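Chains, contacts and geometry: an overview
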Amino acid sequence: MIRLENVTKKFGELTAVDNLSFEIRRGEVFGLLGKNGAGKTTTIKMMTLQLQPSAGQIFFEERLPAGNEVFIKNLIGIVPQHLNFDQDLTVGENLELHARLYHLPKSARQKKIDELLNFVELESVKNSFIKSLSGGMKRRLLIIRALIHSPKILFLDEPTVALDPQVRRKIWDLIQNLKSQGITIILTTHYIEEAEFLCDRVAILNTGKLVALDTTQNLCNGKTLEEVFIQLTK
């Protein structure tokens, strides 16, 4: 689905991402782990076309970004860490706006919105304003907003940050449900147990470099993923 070849990103003298090469496979949950400043956000921004690499190439379904921007933007959905809804609009109006940005035909918009709200059990708040929702509701709404155009790849940036454990598990169930539908998911998280539970494979970054890439089972080998992570990111 996505392949990075010798990708580097520099900001002046700072090398934020240093010669990354890996491939994200179709239908997997792929975890991108690292401490603050490890290069996760920069890597995600390059994979979502928000930044261009200083060197190296990123392929999307074997296509380079140049000349394929519309194809790639329709291929991916992005769930940001920070809530960025229009607070003056209702839940339904926020989703309607996003559907319009992706040029969904009028005849399909409301059906798609209703299907997604039902999928995350938020149909009862369709006419409610965003500010009236709980944190868990807003997180679920962020995810379905990113699904409005039926992307094949979903980027989840800290999807359960600041949520209590019970709500976090609901988001985990939602992610597993999306995977069962064949959606490829790229997940960044600071909750190591979250990556261990959800991810088929994880890539661990340290100071911009890839220090490990494997299944959680192979990486752990009798240890917890947190122990492996601490050892690799000292």
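Shown above is the structure to which this text applies.
Below you will find a few notes about this structure. (Residues numbered from 1 in each chain as written. Predicted model: local features only at pLDDT ≥ 70, side-chain atom pairs only at ≥ 80, totals over all residues. Heavy atoms only, no water.)

Some details on the pattern of salt bridges
Pairing of side chains with opposite charge becomes possible as their charged atoms draw close. The full count for this structure, using the stated rule, is 10 salt bridges. Ionic pairing is found between E5 and R3, a salt bridge with its closest N-O pair at 2.9 Å. Exposure remark for E5: the relative accessible area of 31% places this residue in the partly exposed category. For K126, the salt bridge identified is with D114, shortest N-O distance 2.7 Å. Residue K126 is located in the loop between α4 (106-119) and α5 (135-146), and its partner D114 is located in helix α4; the two are separated by 12 residues in the primary sequence. Overall, the relative accessible area of 36% leaves D114 in the partly exposed class. Because the salt bridges share partners, they merge into one network encompassing R3, E5 and E62. (Salt bridge = Lys/Arg side-chain N within 4 Å of Asp/Glu carboxyl O. Buried < 20%, exposed > 50% of the residue type's maximum accessible area, 1.4 Å probe, protein only. Helix = DSSP H or I, 4+ residues; strand = E, 2+ residues; numbered from the N terminus.)

A look at the state of the cysteines
A full pass over the atoms with the stated rule returns zero disulfides. Here C199 is not disulfide-linked; the sulfur of C220 is the nearest cysteine sulfur, at 11 Å. (Disulfide = S-S within 2.5 Å.)

Thoughts on the packing of aromatic side chains
Per the counting criterion, the structure on display carries two aromatic pairs. Ring geometry for F22 versus F30: centroids 5.3 Å apart, planes at 20°, classification stacked. Sitting over the ring of F11, K9 keeps its end group 5.4 Å from the ring centre. (Phe/Tyr/Trp six-rings, centres within 6.5 Å; stacked < 30°, edge-to-face > 60°. Lys NZ or Arg CZ within 6 Å of the ring centre and 35° of its normal.)

In short, geometric facts, not functional conclusions.
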